[in-house]
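Each chain, written out:
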Amino acid sequence: MDYTFQFSNVIQNLPYLLKGAVLTLEIAFVSFWLGSAIGLAGAMAKLHGGRLLRALVSVYITLFTNTPALVQIFFLFYALPDVGIVLEPMTAVLIGLTLNSGAYLTDILRSGVESVRKAEIETAVTLGMSGLQTVRYVILPHIAKTIYAPLCNFFVWLVLGSSLGAIFGVEELTGRAINISTANLRTIETFSVVAAIYVALTFIASIALGLVGRHLFRAKIKVF
Amino acid sequence: MFDLIISQAPRFFTWYTFVFVLEAMGRTLMMTVIGCSVGAVAGFAITVIRSTTSNWMMLFRLAVTVYVEVFRRIPFLVILFIVMYASQGLGSNISLSAIATVSICLVATAFLSEIIRAGLESVPRQQLEAAQVMNFGFTRTLFMVLLPQSWKVILPPAFAFMVMFIKDTSLASQMGVVELTFTGKVLMNRGYSPFLVYGVILAAYFALSYPLSKFGAYLENRLGSPQRRKSVERVRANSGPEKRELVG
């Protein structure tokens with residue numbers, strides 16, 4: 001029952017861990033933006049596409065939101081070599097997270113576009129706005145305000161979700177924690193410090209995104 | 001390219017594999033359901049503590065708030081590692097699947113308490129004031145005014161959270177808990193092609209998650225008040241292809 005905590009080794013390795021935190025943010029950032037591109041295309045296809053396109057997007061969303069990201073990346077990493085496609089761990093993780101976030105972001109973006117009411121667009125037409133003006137002054141502000149909060153939550157979710165890269169040997173925050181803890185055998189201390197870094201990281205991200213959202217889109221963001 | 005897969009398929013798709021995967025599905029589902037049920041009860045307790053106003057509860061309120069904020073911001077994988085090593089460091093000898101279930105409880109408590117809190121806050125304030133005027137106590141207000149009105153709002157997202165967590169339990173395979181993903185590893189160690197194995201595992205997760213998420217959507221539709229359903233329909237009706245003509 002008696003266990004002495006020793007944080008000294010972990011503190012020494014703090015710069016190493018923080019570099020991993022930067023990589024974590026990079027993974028989340030890249031897969032967020034690539035996922036947004038997929039999500040935008042998916043949302044447009046779902047709202048304006050033909051029947052076949054809509055069905056395809058629906059299948060994509062159902063498949064990816066109903067299976068774990070971990071197993072999807074397992075599939076990319078271990079199963080694709082069977083058919084001749086060999087991926088680096090980092091590439092596999094990025095592709096997996098991007099496809100996964102694309103599926104969720106399609107839903108978020110679609111609900112944002114759907115929230116614009118017909119009456120608002122009719123009003124814009126009545127006021128004599130051109131198509132571009134309608135998009136710039138009526139549709140975009142409305143969509144931005146609606147989807148900003150879910151997008152922030154999703155980004156935080158991605159920061160946390162990128163920790164599964166550790167399983168494939170990507171050296172982000174959790175991966176580096178595993179590296180350190182196997183060397184110094186101070187697992188509880190290492191992982192508590194890493195947990196604290198994750199909390200700090202997501203707090204900073206939430207607060208910064210919340211301030212930006214309040215300033216730019218007048219979106220009401222709850223940090224707590 | 002696909003020769004290996006085709007040659008292995010008859011050996012792979014046997015009754016034995018089917019039962020093996022089915023058992024693992026049961027275990028995955030069990031861990032999630034137990035974890036989320038405990039989490040729902042504990043989360044409710046946390047919400048009750050957070051909604052108190054007396055001074056002497058201040059410390060509890062603070063502790064509980066910090067708990068919720070912290071556990072929603074740590075990756076499940078890291079929580080799993082901490083719980084596992086902490087239980088080993090304390091010298092306890094509980095099984096790995098128990099450790100995974102405890103981790104699920106910890107996370108589910110934090111998330112579900114937020115869902116429950118949002119649900120309770122969705123009750124109009126006038127209801128609370130009316131309860132106060134009628135001299136209802138704290139417990140009576142909670143169980144006779146707040147809960148009967150808010151459980152319909154709480155249940156769908158709570159259910160959706162549980163369905164989401166079925167997928168997150170796959171991370172527990174990394175500690176050696178024998179659930180669905182770990183079963184995939186076992187099958188792969190038997191020499192089957194990963195293409196087959198992970199294909200089947202993905203299908204198994206889908207078979208678990210898809211009906212439940214459909215049921216969740218049904219629940220949401222069914223429990224929503226007619227007014228809310230109408231507003232959802234209005235939103236749906238106003239969007240869609242016909243809008244394009246107006247924009248362009």
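Conventions adopted
- Residues numbered from 1 in each chain as written.
- Chains lettered and ligands numbered in written order.
- Predicted model: local features only at pLDDT ≥ 70, side-chain atom pairs only at ≥ 80, totals over all residues.
- Heavy atoms only, no water.
- Phe/Tyr/Trp six-rings, centres within 6.5 Å; stacked < 30°, edge-to-face > 60°.
- Buried < 20%, exposed > 50% of the residue type's maximum accessible area, 1.4 Å probe, protein only.
- Helix = DSSP H or I, 4+ residues; strand = E, 2+ residues; numbered from the N terminus.

**Focus: the packing of aromatic side chains**
Then step 1. For the structure on display, the rule yields 28 aromatic pairs over all chains.
Then step 2. Each ring, one from Phe77 of chain A and one from Tyr78 of chain A, has its centre 5.1 Å from the other, and the planes form 70°; the classification is edge-to-face.
Then step 3. According to the relative accessible area criterion, Tyr78 of chain A is partly exposed, its value standing at 32%.
Then step 4. Between Tyr78 of chain A and Tyr198 of chain B the ring centres are 6.4 Å apart and the planes differ by 25°, which places this aromatic pair in the stacked class. Of this pair, Tyr78 of chain A sits in helix 4 (residues 69–79) while Tyr198 of chain B sits in helix 9 (residues 194–223), placing the two residues on different chains.
Then step 5. Following the ring pairs from residue to residue traces out a cluster consisting of Phe74, Phe77, Tyr78 and Phe168 of chain A together with Tyr198 of chain B.

**What about unusual backbone geometry?**
Then step 1. Look at Leu185 of chain A: it is not a glycine, yet its phi comes out positive at around 60°.
Then step 2. Examined against the element boundaries, Leu185 of chain A turns out to sit in the loop between helix 8 (173–184) and helix 9 (187–217).
Then step 3. By relative accessible area, Leu185 of chain A is classed as exposed at 66%.
Then step 4. Here Asn135 of chain B, not a glycine, exhibits a phi torsion of approximately 65°, which is positive.
Then step 5. Assignment of secondary structure puts Asn135 of chain B in the loop between helix 6 (125–133) and helix 7 (138–168).
Then step 6. Assessed through its relative accessible area of 67%, Asn135 of chain B is described here as exposed.

**What about the environment of Leu53 of chain A?**
Residues and elements named next belong to chain A.
Then step 1. You can see Leu53 is positioned in helix 3 (residues 51–65).
Then step 2. According to the relative accessible area criterion, Leu53 is partly exposed, its value standing at 43%.
Then step 3. Along the backbone, Leu53 and Gly42 are 11 residues apart, and their C-alpha atoms lie at a distance of 9.1 Å.

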